[in-house]
Amino acid sequence: MTSVSRRQALRSIAGTGLLWAGTGASRAQRDGGAPSDDALTVVPRPAEMAPTRAAYEITDETTIMFDGSGAFHVATALADLLRPATGFELPVDRPTGSGTDTISLTLDGAPPTLGDEGYRLGVTDSGVTIRAAEPAGLFWGVQTLRQLLPPSVEADSERAGPWTVPGVQIRDAPRFDYRGVHLDVARHFFDVDAVKQYIDYLAAYKINHFHMHLTDDQGWRLMIESWPRLATVGGGEGGYYTQAEFRDLVRYAADRSITLVPEIDVPGHTNAALASYGELNCDGQPTDLYTGTEVGFSSLCVDREETYEFFDDVIREVAALTPGPYVHIGGDEAEELSEAEYAQFMDRAVAIVQNYGKRPVGWYQVLNADPPESTVAQYWNPSRESSLLEAAADAGHELLMSPGSRAFLDIKYNEGTELGLSWPGFTSVRDAYTWDPGAYVDGVDESAVMGPEAPLWSETLETFDDVEFMLFPRLPAIAELGWSPADETDWSDFSERLAAQGPRWDILDVNFYRSPQVPWPGGERSGGI
Ligand code: ACM
């Protein structure tokens with residue numbers, strides 16, 4: 001890391017009165033030098049982080065202690081993470097006498113200022129303590145601890161240690177409450193195991209919302225028991241999730257502090273539904289299944305009552321499957337409808353979502369229908385000017401920020417990228433990092449922004465290797481914009497911490513794009529993008 005980032009780290013701790021007497025700072029002064037933060041390559045960058053001269057080595061004597069019942073599953077997750085590579089037993093236990101040789105996860109005594117997701121992490125010579133007010137905070141603290149350990153900790157079989165955690169005191173909490181990543185499983189279907197792997201990637205970078213784009217022209221991917229042909233016909237050759245599989249995904253995400261946000265895209269992007277049931281079409285005839293990549297040509301028939309019976313049934317089942325507060329109803333690119341027809345449909349669609357106790361989310365075109373203030377609008381236009389968004393913010397809507405030229409993970413890195421689309425231009429890793437979700441659209445104040453979300457559309461992505469190539473390394477860029485304080489987001493510092501993730505992805509066998517913008521270990525920077 002650069003000396004600038006080291007100075008920033010120490011300054012931010014000193015500025016909040018968080019100097020630890022008797023630990024690194026004072027010893028460092030006696031020794032005539034600041035402790036090194038070279039090993040502190042955590043992404044997203046913690047809000048406050050100060051290196052100390054302490055160090056703790058995890059050994060076969062180490063115990064993982066937890067207190068508070070919500071801490072048990074996090075302690076188990078940590079043990080599951082550390083056991084394969086270390087080969088240690090790492091028993092998970094309630095606090096016992098000595099308190100030494102422990103990694104301690106505690107929900108006791110956390111200051112309320114840490115919020116629901118914040119945590120403190122401290123390393124001494126005898127152990128590590130992570131303290132949080134809620135299990136989510138502990139879980140994010142565990143992800144930080146993971147990155148403090150050598151990359152080989154990611155291995156699924158025993159590796160040589162030592163498993164040393166460098167001395168550090170961290171106080172961390174996210175900038176935004178909503179940090180999202182999306183996956184389009186409609187254009188290409190990804191099975192349950194692949195989606196779980198995807199969720200694991202999000203969790204490692206403290207993403208807390210996973211938006212699943214479950215339906216589109218090319219496929220309907222969730223079994224709806226009251227309209228089964230949506231999946232059995234509309235799933236085409238790709239397939240669909242049974243409700244049991246979908247519940248499993250919801251639970252898998254929740255175990256990782258991630259809320260699943262299901263999207264049923266209406267009234268456009270609906271060819272798969274229109275092919276499954278003739279009565280959703282104005283002429284009563286089912287369409288043909290479609291596997292091309294055009295958009296804007298399909299629409300539910302807004303004048304038929306069957307359309308609303310269908311949507312009510314779908315949302316009832318989706319709401320029952322997902323405990324999170326949001327249901328996303330798309331609303332983008334409904335180009336077959338007039339403004340009046342669009343509003344006629346959306347008025348009822350939004351009311352149906354609310355009727356099932358959920359908060360509607362829509363792509364920002366939903367604002368054209370003047371939905372109630374509780375409706376969240378997701379911006380995806382690359383433009384920094386939007387009178388629609390400005391007016392929505394003024395009217396009290398909360399907004400998600402997914403500008404197509406910065407946050408869309410399916411956009412090509414450069415002209416040489418084989419996968420992906422390029423409608424907003426190219427999005428290098430640096431482009432994905434150097435924007436501010438709280439100040440992207442002129443006239444929209446950060447107070448209206450729930451957070452950033454990075455969509456990953458799958459028109460060109462056929463395999464999970466393809467998905468990984470577009471996700472990495474831009475996922476950590478968006479994750480850091482969502483988590484870290486705005487004044488701590490510095491490209492040069494980030495690119496060095498990002499580079500340190502490379503060996504982890506190599507061990508995890510992640511097919512990542514080795515962008516020449518990033519100083520990967522052992523590689524030369526070539527000045528490209
Ligand atoms: C979108 O990219 N149509 C939301």
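Here is what the cut-offs are and how they apply
- Residues numbered from 1 in each chain as written.
- Predicted model: local features only at pLDDT ≥ 70, side-chain atom pairs only at ≥ 80, totals over all residues.
- Heavy atoms only, no water.
- Helix = DSSP H or I, 4+ residues; strand = E, 2+ residues; numbered from the N terminus.
- Rg over C-alpha atoms; globule rule 2.2 N^0.38 Å.
- Buried < 20%, exposed > 50% of the residue type's maximum accessible area, 1.4 Å probe, protein only.
- Contact = heavy atoms within 4.5 Å.
- Disulfide = S-S within 2.5 Å.
- Domains from an automatic or database assignment.
- Buried area = accessible area lost by both parts, 1.4 Å probe.
- Salt bridge = Lys/Arg side-chain N within 4 Å of Asp/Glu carboxyl O.
- Pairing = 2+ DSSP bridges.
- Axes fitted to C-alpha atoms, helices over the stretch in contact; angles between N-to-C directions.
- Phe/Tyr/Trp six-rings, centres within 6.5 Å; stacked < 30°, edge-to-face > 60°.
- Lys NZ or Arg CZ within 6 Å of the ring centre and 35° of its normal.

Let's talk about the overall build of the protein chain
- What the protein chain contains, in helices and strands, is 16 helices and 17 strands.
- Over its C-alpha atoms the protein chain spans a radius of gyration of 24 Å, differing by no more than 12% from the 24 Å that the globule rule assigns to 529 residues.
- By the burial criterion, 59% of the 529 residues in the protein chain qualify as buried.
- For the protein chain, restricting intrachain contacts to residue pairs at least 6 apart in sequence, the fraction spanning at least 24 positions comes to 73%.

Description of the side chain of His 209
- The residue His 209 is located in strand S9 (residues 209-213) in this model.
- Overall, His 209 belongs to the buried group, its relative accessible area being 8%.

So, the state of the cysteines
- If you walk through the whole model with that rule in mind, you get 1 disulfide.
- Here Cys 282 pairs with Cys 301 through a disulfide, and the sulfurs are 2.0 Å apart. Its S-S torsion of approximately 95 degrees makes the covalent link between Cys 282 and Cys 301 right-handed. Within this pair, whereas Cys 282 is found in the loop between helix H8 (271-276) and helix H9 (305-321), its partner Cys 301 is found in the loop between H8 and H9, the two being separated by 19 residues in sequence.

Thoughts on the domain arrangement of the protein chain
- Considered domain by domain, the protein chain is made up of domain 1 (3-172) and domain 2 (180-507).
- Once you take the C-alpha centre of each, domain 1 and domain 2 turn out to be 34 Å apart.
- Listed by partner, the interface residues are 28 residues for domain 1 and 26 residues for domain 2.
- Note on domain 1 versus domain 2: buried area summed over both sides is about 2,400 Å², and carbon and sulfur give 58% of it.
- Salt-bridge contacts for Glu 154 lead to Arg 504; the nearest nitrogen and oxygen are separated by 3.4 Å.

Details of the pairing of strand S5 (residues 119-124)
- By the bridge criterion, 4 bridges tie S5 to strand S7 (residues 163-172) in an arrangement that is antiparallel. Within the sheet, the bridge partner assigned to Tyr 119 lies in S7 and is Asp 172.
- Linking S5 to strand S6 (residues 127-131), which pair antiparallel, is a turn of 2 residues.

Digging into helix H13 (residues 464-471)
- The buried fraction of H13 is high, at 7 of 8 residues.
- Inspection of H13 places Phe 464, Asp 466, Val 467, Glu 468, Phe 469, Met 470 and Leu 471 among the buried residues, and these make up the whole buried set.
- Buried residues along H13 sit in contact with helix H5 (192-204) and helix H14 (474-483).

A look at the sheet that holds strand S15 (residues 376-379)
- Taking strand neighbours around the barrel as the criterion, the 8 strands line up as S8-S9-S12-S13-S14-S15-S16-S17 in a closed arrangement whose pairing is parallel. The mean inter-strand angle of the sheet, taken between neighbouring strand axes irrespective of direction, is 30 degrees.
- Pairing geometry for S15 and strand S16 (residues 399-401), over 3 bridges, is parallel. Bridge pairing links Ala 377 to Leu 399 in S16.
- Contacting S9 and strand S12 (259-266), helix H7 (residues 243-254) crosses the sheet at an angle of about 135 degrees to S12.

Looking at the pattern of salt bridges
- All told, the structure shown has 21 salt bridges when counted by the stated rule.
- Across the pair Asp 216 and Arg 187 runs a salt bridge whose closest N-O atoms are separated by 3.3 Å. Separated by 29 residues along the polypeptide, Asp 216 in strand S10 (residues 215-216) and Arg 187 in the loop between strand S8 (180-184) and H5 bring together distant segments of the chain.
- Classification of Arg 187 by relative accessible area gives buried; the value is 10%.
- For Asp 493, the salt bridge identified is with Arg 497, shortest N-O distance 3.1 Å. Of the two residues, Asp 493 and Arg 497 are both situated in helix H15 (residues 491-499); the distance of 4 residues between them amounts to about one turn of the helix.
- Classification of Asp 493 as buried rests on a relative accessible area of 1%.
- Residue class for Arg 497 comes out buried when judged on its relative accessible area of 0%.
- Bridged by salt links that share partners, the residues Arg 45, Glu 480, Glu 488, Asp 493 and Arg 497 form one connected network.

Observations regarding the environment of Trp 491
- For Trp 491, the position within the fold is in helix H15.
- When near neighbours in sequence (up to four residues on either side) are disregarded, Trp 491 contacts Val 429, Arg 430, Tyr 433, Thr 434 and Gln 517.

Considerations on the pairing of S15
- Of the two faces of S15, the one holding Val 376 and Gln 378 and the one holding Ala 377 and Tyr 379 are both buried throughout.
- The pairing of strand S14 (residues 359-363) with S15 spans 3 bridges and is classified as parallel. Bridging from a neighbouring strand, Gly 362 pairs with Ala 377 of S15.

Considerations on the packing of aromatic side chains
- For the structure shown, the criterion picks out 32 aromatic pairs.
- Aromatic pair Phe 189 and Tyr 241: ring centres 4.6 Å apart, planes at 45 degrees, arrangement tilted. On the criterion of sequence distance, the pair formed by Phe 189 in the loop between S8 and H5 and Tyr 241 in the loop between helix H6 (229-232) and H7 is long-range, its members being 52 residues apart.
- In this structure Tyr 241 comes out as buried when scored by relative accessible area, which is 0%.
- Both rings, one in Trp 227 and one in Phe 310, keep their centres 5.5 Å apart while their planes meet at 80 degrees; by these two values the pair is edge-to-face. Taken together, the positions of Trp 227 in the loop between strand S11 (219-220) and H6 and Phe 310 in helix H9 put the pair 83 residues apart, joining distant regions of the chain. Phe 310 shares its class with Trp 227; the two are buried.
- Site record: aromatic cluster; members linked through ring pairs are Trp 363, Tyr 364, Tyr 379, Trp 380, Phe 408, Trp 423 and Trp 457.
- Positioned over the ring face of Tyr 440 is Arg 384, at 4.9 Å from the centre of the ring.

Describing the sheet that holds S6
- Taken together, the 7 strands give an open sheet; going across it, the order is S1-S7-S5-S6-S4-S2-S3, and neighbouring strands pair in mixed fashion. Bordering the open sheet on either side are strand S1 (48-58) and strand S3 (92-93), each of which pairs with just one other strand.
- In this structure, strand S2 (residues 63-67) lies alongside strand S4 (residues 102-106), joined through 5 bridges in parallel fashion. Paired with Ile 64 across the two strands is Ile 103, which belongs to S4.
- The strands that helix H3 (residues 69-86) touches are S1, S2, S3, S4 and S7; relative to S2, the one it contacts most, it runs at about 165 degrees.
- Docked against the sheet, helix H4 (residues 135-148) engages S4, S5, S6 and S7, running at close to 40 degrees with respect to S5.

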